[in-house]
Amino acid sequence: MADRVTNVLIVGVGGQGVIMVSKVLALLCQRQGFEVKQSEVHGMAKRGGAVFSHVRFGKKVHSPTIPTGEADILLALEWAEGMRWLENLNPESGVFISDTQKIMPPFACRNRSRNQVPIYSRETPAEILDKVASGYALDAAGLATDLGNERAANTILLGIMSTAFDFEPQDWLDIIEKFVPKNSVEINRQAFLEGREWVKNASIPEVVTYDDKRFENESVMRNELEIIPHWCKGCDICVRMCPEQCLELNDAQVVEIPRADDCTGCRICEWLCPDFAIKLHKVAVPSEISKELVLET
Amino acid sequence: MNIEPHVSAEQFDVREYMRLDLFPHFLCPGCGHGMALRAMMWALYENEISMDKLAVVSGIGCSGRLGAYIDSNTFHTTHGRPLAFATGLALARPDLHVVVITGDGDCLAIGGNHLIHACRRNLNMTCLMLNNEVYGMTGGQVSPTTSTDRYTTTTPYGNYEPVFDSCKLAEAAGAGFVGREVTMQVPTLKDLIRQAFDYNGFSFVEIISDCTEIFGRKNQLGESAEMILSQKAATRPDSYGTKVDEPFRPNPLKTGVLVRSERPEYRAVNYQGKKSK
C-alpha cells in the first residue's frame, strides 16, 4: 500500500452521506502523511440522484479520478448504485462493500399503475459477490435502524471499510467526530464499531431489502373510464391533457379510450371535463389474477 | 373532513349532486364553467354541507345557468341582483349556507353596486365570480374585465378600456375573504372554495374561466386546451412568492388566498342584541 496509489470509490444516492465518508477518509489519509486527491459529483443530490466520490491517496498522486477497472475498494451505500459502478472495480483484487438497501428512483416505476413492481437490479447479493474478488453485502440501514438512527448506515459501512486499512480505529473515530453533528457522535461511534464487529463473522444476505410497506395491503386496482358519449361535446381538453395520451376523439367528435391499458388513473380527464362526461372507476382485480400481473412485470 | 385527498377523489361523484335529466348541459364545448362547478360541488362534499342546507343564488348569463344543474335549493334571479337577493335570503334564513354564482358582467357591471355593498356589510355568504372576460350568452359584448386590445362584438377595433381588477375592488370595499384561481387547477380551486365556505363573513372568489366559442375564437386564442394552459401560465401561485421572476412567471396576477381579515360578521355586530327605541 505504501508505494502505489490506493483508489477508493464511494457511491450512493443524495442524502446518504457519500461526501461525509469520503471526507473522513481523505482527512485521515492526509493526517497519516499521504498525498490525497478527491473529486466528487453531487449535483443531483438534492433530487435523490446519484452521488459519487473518488478518493486517491499514496506517496504521489497525479490525477484526481480513478481509471476504469482500477478501484481497490468500491463502497456502495445503495445496492443499484453499487451495480452501476461495478466495472470500475479492479477485477483481480478489488473489494466490494455494499449496503443491500433499495432506494427506488422515480424512473424505475415505468408502469405507473398502483402496486406494480418497479424495474430494479434483479441480481441477488450472492450472485454479485461471486463475480468480484472479495466482497461484503449487508443490510446496513437495518442495522443502523436497530442502533437508533437509520442515517448512521454510512458509518457502519465506513467501519467495514476501515478493516481494509492499517490505520488505528481511534484515529478513525477522532475524525468521524469532527464531521458528524454533536448530538449524534455517540451513535456514530457505536455504528463504526458495529461495522468492525460485523466483518469478523460476515455473512451473505439472501435478498436485497426494500422497506416500503405503503402498498402492502392494497390489492391491484384496474382503472376503468366511464364515458357518457352523448354528454361529450368534443372540446378536446381531455385528449390534450392526458399525460399518457390514451384518449382520442372519434369521427363523431366524441372521446373514446383506445389505449385503456395505459391509463394510470390520475383523474385529470375527469376533473377537467367541463361536461361531466368522464368518470373514473377503480375496480379491484381478483387476487388470483393480480398475482399473475405482478409476476409478469 | 379529514380524509386523504385520493380517497376523497375516489368517493366523490359529482353526478350524485346534479339534475341529470337536464344533461347534457347548455354550455359550449370547452367552457371552463363546468370545471368550476365541479370544484364547487367537490368543496361542498368535502365540507360536508348537506344539499338541504344549501341555497344557490345565481343571476343571468352563462354562469347564472349553472345553478339550475345543482340538485339543491337554487334561485335564479334577475340580472346583476343575485347578491341583493342572497343578502335577504341570508338574513331571513341564517341556517342556510348561501352561495352566489355570478359572472363578470353580472357582478361587476350591472350588479357592481350590489357587490360593493355586499362586501361592505360582510354578511356570511360566498360569492363565486366566474370571469370569462365577456358577456357570452348575449352574443359576446365587451365586459368590465375584457383585457385591453381584445376584440368583441361591441369593440370591433379592439377594447381600449382598462381592465377592472375585481379582487382589488372587493378588498377595498371590505370583503373579509378574497381569493382567485384558474379553472384548470380543479383540486386547488376546490381547496380555495373550501376555505371560502369555512370563512365567517363575505367571501369573494374570482374564478378565471375560458370562453372558447365566443371570446377565444374572435381573438384567435386557440382551443380550450390552449386557453386554459395560457391562463395558468399567466398567473402566479402563492408558492412562487412575491418576487416577479422574469422568464418564468412575468405576470403579476396572483392566485390563491389574497385577503383574509378578521372583520366581524354582519350579524355579530349589527343585527343581534339591538333593540329599536
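Up top is the structure.
Residues numbered from 1 in each chain as written. Chains lettered and ligands numbered in written order. Predicted model: local features only at pLDDT ≥ 70, side-chain atom pairs only at ≥ 80, totals over all residues.

(A) Highlighting the overall build of chain B. The number of helices and strands found in chain B is ten helices and eleven strands. Taken against the 2.2 N^0.38 rule, which gives 19 Å for 277 residues, the C-alpha radius of gyration of chain B at 18 Å falls within 12% of a compact globule. Taking the principal axes of its C-alpha atoms as reference, chain B extends roughly 60 × 45 × 40 Å. Here chain B holds 277 residues, and 48% of them are scored as buried. Pairs at least 24 residues apart make up 67% of the contacts formed inside chain B by residues separated by at least 6 positions. (Helix = DSSP H or I, 4+ residues; strand = E, 2+ residues; numbered from the N terminus. Rg over C-alpha atoms; globule rule 2.2 N^0.38 Å. Buried ≥ 20, exposed ≤ 12 C-beta atoms within 10 Å, placed from the backbone. Contact = placed C-beta atoms within 7 Å.)

(B) Spatial organisation of the overall build of chain A. Counting secondary structure elements, chain A contains ten helices and ten strands. The burial tally for chain A puts 35% of its 297 residues in the buried class. Taking contacts inside chain A between residues at least 6 apart in sequence as the whole, the part at least 24 apart equals 65%.

(C) Local environment of the interface of chain B and chain A. Taken together, the contacts link 23 residues of chain B with 17 residues of chain A. Those elements giving two or more residues to the side of chain B that touches chain A turn out to be helix H1 (5–11), helix H2 (33–46) and helix H9 (224–233) of chain B. At four residues, H2 of chain B tops the list of elements feeding residues into the side of chain B that touches chain A. When the residues that make up the side of chain B that touches chain A are grouped by side-chain class, the tally is twelve nonpolar, six polar and five charged. (Nonpolar A, V, L, I, M, F, W, Y, C, P; charged D, E, K, R; others polar.)

(D) Summary view of the pairing of strand E1 (residues 6–13) of chain A. Residue and element names in this part refer to chain A. Taken across its eight residues, E1 has eight buried, putting it largely inside the fold. Here E1 shows no split at all, with Thr6, Val8, Ile10 and Gly12 on one side and Asn7, Leu9, Val11 and Val13 on the other all buried. Where E1 meets strand E3 (residues 50–58), eight bridges bridge the pair, whose relative direction is antiparallel. Across the sheet, Val8 pairs through a bridge with Val55, a residue of E3. As paired strands, E1 and strand E4 (residues 73–76) are joined by four bridges and run parallel to one another. When the bridges of E4 are listed, Val8 appears paired with Ile73. (Pairing = 2+ DSSP bridges.)

(E) Seen up close, helix H6 (residues 166–173) of chain B. Residues and elements named next belong to chain B. Buried within H6 are the following residues: Ser166, Cys167, Leu169 and Ala170. Projection of H6 onto a plane perpendicular to its axis shows the buried side chains occupying an angular sector of 160°, all on one side. At the exit of H6 stands Gly174, carrying a positive phi of roughly 110°. (Arc of directions from axis to C-beta.)

(F) Focus on the nonpolar core. Formed by 78 residues in total, the largest nonpolar core has its most connected members in Cys238 and Leu272 of chain A together with Val100, Leu128 and Phe204 of chain B. By residue number, the principal contributor to this core is H2 of chain B, which donates ten residues. The contact partners of Phe204 of chain B, leaving out residues within four places of it in the chain, are Cys119, Cys127, Met129, Ala170, Ala175, Phe177 and Val178 of chain B. Formed by 53 residues, the second largest nonpolar core is a distinct cluster that contains Ile19, Val24, Leu28 and Leu89 of chain A. (Core = buried A, V, L, I, M, F, W, Y, C linked by C-beta atoms within 7 Å.)

(G) A look at the sheet that holds strand E2 (residues 35–41) of chain A. Residue and element names in this part refer to chain A. What the six strands build is an open sheet, ordered E2-E3-E1-E4-E5-E6; its pairing is mixed. Strands with a single pairing partner mark the edges of an open sheet, and in this sheet they are E2 and strand E6 (134–138). On average, each strand axis in the sheet is inclined to that of its neighbour by 10°, with strand direction left out of account. Here E4 pairs with strand E5 (residues 95–99) via four bridges, running parallel. Bridged to Ile73 within E5 is Val95. (Axes fitted to C-alpha atoms, helices over the stretch in contact; angles between N-to-C directions.)

(H) Structural view of the sheet that holds strand E2 (residues 73–76) of chain B. All names here are of chain B. Taking strand neighbours across the sheet as the criterion, the seven strands line up as E2-E1-E3-E4-E8-E7-E11 in an open arrangement whose pairing is mixed. Because the sheet does not close on itself, it has two edges, and the strands there are E2 and strand E11 (256–260). Sheet twist, expressed as the mean angle between neighbouring strand axes with direction ignored, is 15°. In the sheet, strand E1 (residues 54–58) pairs with E2 via four bridges, with the strands oriented parallel. By the bridge assignment, Ser58 is partnered in E2 with His76. Strand contacts of H6: strand E4 (125–131), strand E7 (177–182), strand E8 (202–208) and E11, with the helix running at about 170° to E7, the strand carrying the most contacts.

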